[in-house]
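A closer look at the structure
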Amino acid sequence: MKKAARQLLFYLFLLLVWQLLFQRKLWPPYLFPSPTMVGEALWQGFSDRTFLVGVTISMRRIALGYGFAVVLGVVLGFLIAASDFLEATVGGLVLSLQSLPSICWLPLAILWFGLSERAILFVVVMGSLLSVTINTEVGVRHVPKLYRMAGRNLGARGFGVFAHVLFPASLPHLVVGLKQGWAFAWRSLISGEMIFVSLGLGHLLMVGRDLNDMSQVIAVMIVIMALGQLVDQLIFRGVESRIRNRWGLAREV
Amino acid sequence: MSTIWARERAESHPKEQPKLHLKHVTRLFQTPNGPLTALDDISLNVAEGEFLCLVGPSGCGKSTLLNLMAGLDRPTEGEIWKDGERLDGPATDHIMIFQELGLFPWLTVRENVEFGLRMRGVAKPERQARAREYLRLVHLSHFERSYIHQLSGGMKQRVALARALATDPAVLLMDEPFAALDAQTRDRLHEELERIWTETRKTIVFVTHNVREAVRLGDRVVVLTFRPGRIKTALTVKLPRPRHLEDPHLALVARDLLVQLKEEISRSAKEEYRDEESG
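Residues numbered from 1 in each chain as written. Chains lettered and ligands numbered in written order. Predicted model: local features only at pLDDT ≥ 70, side-chain atom pairs only at ≥ 80, totals over all residues. Heavy atoms only, no water.

1. Remarks on the interface of chain A and chain B
Of the residues lining the interface, 19 residues belong to chain A; the matching set on chain B comes to 26 residues. Carbon and sulfur atoms make up 68% of the area that chain A and chain B hide from each other, which totals about 2000 Å². Among the residues chain A hides against chain B, the three largest losses belong to Asn153, Leu154 and Arg246 of chain A. Together they make up 35% of the total. In this assembly, chain A and chain B are joined by zero salt bridges. Taken together, chain A and chain B are joined by seven residue pairs in polar contact (both at pLDDT 80 or more). Only helix H7 (145-153), helix H8 (159-193) and helix H10 (214-247) of chain A provide two or more residues apiece to the side of chain A that touches chain B. For the side of chain A that touches chain B, the element with the most residues is H7 of chain A, which contributes seven residues. (Contact = heavy atoms within 4.5 Å. Buried area = accessible area lost by both parts, 1.4 Å probe. Salt bridge = Lys/Arg side-chain N within 4 Å of Asp/Glu carboxyl O. Polar contact = N/O pair within 3.5 Å; in protein donor to acceptor, adjacent residues only side chain to side chain. Helix = DSSP H or I, 4+ residues; strand = E, 2+ residues; numbered from the N terminus.)

Here it is, written out as structure tokens:
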């Protein structure tokens, strides 16, 4: 409770500073809107449903792209961890690709898929796939050999070792990868959506720019931030702490 | 003295077919400093229902020997036979209790005990019933829903024991299971293990570096040498059961074994110091 109060105070303070800066009239209002103007833009956006449509479309895209990346990334991660050959070849490639900012895939995606839904999805997948893969692989490699031996000794074979030992044992790491992957997917999505009339949140940002409407730009930024936080807090924090508690791992500070 | 113990060859009990039969087993490991002979020409029989203790200093290949008996590892030379058949690959009815136990933290106590049965495709109602039965046997009925990290060291040991027993193994392989416990807990677990062994008559191979523990529990005690692991002595402990650690007869047997073991321990200590100097 004390923490929440502190946070509230902090944000009120930020708003106050913002308002004071606005009143000094250092910049024209269309470049530096007041908190109330942004609040109005937020209200406007939600009441004429453009923001709702944007949120829905963006969430649908990310569900698709991120979902695909998770399935592919987890499978790929396990395969790389299972084979020394794949580790030396594909594993190395994944690591170097990971150093590419996901926005780098955009020109390639546009050339391959044109200004289309598929181009956006491609960028989302490329943005999150690699971190899911890497964390899965690390997770599997960190599974103590003892668990594998105990599992085999108790009769687990082949796919059973994977399903009943390796997969659950690597979950704490895996969730970290999923969380990181989500953050990357969210970023890639917003940048991808800026490329054409995609109707998503990224597109709404560009509309704001085209209309010279800084209030809308900031309002959309706030929506993007809030949504990213919401998913992180509601889904990933919960899952992560449940897993850490169950596994008896120390809580993250 | 000869009434309470007798020196003998390791491959005794020639009349019946042994449960486990090790024939000139050698295991080499490749290390950065060249090949290391962990076990050298071990020949050993374990009779059905026997409680065999293996004693040796750390680094004598005790754990390696257990892994071989479980089929989790293969000998470089020599053969291992079980019930007259050659062991090739993991033996599902040779259940190991590892030193660090290897209980699964993502499962409850009962689900851990069920694990082996689940892998064997036993239906849920039956495996739950069997798990509960074995949890009763180790006095952990009230903890079936707990997770592993919520248990004390001694309780974890008992979960591991229940998990191993629930699969109804032919052989129970125990790798220094009580080494990390305090004396009272260990005492109690000795009693429980002896009781469970008397009730179930499982064949048990129990590895320890503690001579008194070995004499407390074993029908037979085999002492291994340090690097390479060879059989130094084997003797039958003829003390009546239930036994007690404070029994002076037990202490007498243990003292004789300890003399043998001490030579090996000092060799292992020397080796360790040398490793330190050169490393």
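2. Here's the deal with the packing of aromatic side chains
Applying the stated criterion across every chain yields a total of 22 aromatic pairs over all chains. Their ring planes at 80° and their centres at 5.4 Å tell us that phenylalanine 46 of chain A and phenylalanine 51 of chain A sit as a pair that is edge-to-face. For phenylalanine 46 of chain A, a relative accessible area of 35% corresponds to the partly exposed category. By way of ring pairs, the aromatic residues Tyr147 and Trp247 of chain A together with Phe104, Trp106 and Phe115 of chain B are connected into one cluster. Positioned above the aromatic ring of phenylalanine 22 of chain A is the side chain of lysine 25 of chain A, whose terminal nitrogen or guanidinium carbon lies 5.8 Å from the ring centre. Lying across the ring of tryptophan 197 of chain B, arginine 201 of chain B places its NZ or CZ 4.3 Å from the centre. (Phe/Tyr/Trp six-rings, centres within 6.5 Å; stacked < 30°, edge-to-face > 60°. Buried < 20%, exposed > 50% of the residue type's maximum accessible area, 1.4 Å probe, protein only. Lys NZ or Arg CZ within 6 Å of the ring centre and 35° of its normal.)

3. Some thoughts on the environment of alanine 219 of chain A
One can find alanine 219 of chain A in helix H10. Residues contacting alanine 219 of chain A, with those up to four places away along its chain left out, are Val38, Ala41, Leu42 and Phe51 of chain A.

4. Focus: helix H9 (residues 201-210) of chain A
Residues and elements named next belong to chain A. Among the residues of H9, those classed as buried are Leu201, Gly202, His203, Leu204, Leu205 and Gly208. Residues of H9 that are buried sit in contact with helix H3 (50-82), H8 and H10. Backbone geometry just after H9 places asparagine 212 at a positive phi near 60°.

5. Structural notes on the nonpolar core
In this structure, Leu201 of chain A together with Val205 and Val215 of chain B are the most contacted members of the largest nonpolar core, which totals 134 residues. The dominant element in this core, judged by the number of residues it contributes, is H8 of chain A, at 13 residues. When we break this core down by domain, the ones giving at least three residues each are domain 1 (5-93 + 171-278) and domain 2 (105-168) of chain B. Aside from chain neighbours lying at most four places away, what touches valine 215 of chain B is Val221, Val237, Leu239, Arg243, Leu250, Val253, Ala254 and Leu257 of chain B. Residues Ala109, Ala119, Phe122 and Met126 of chain A belong to the second largest nonpolar core, which totals seven residues. (Core = buried A, V, L, I, M, F, W, Y, C linked by side-chain atoms within 4.5 Å. Domains from an automatic or database assignment.)

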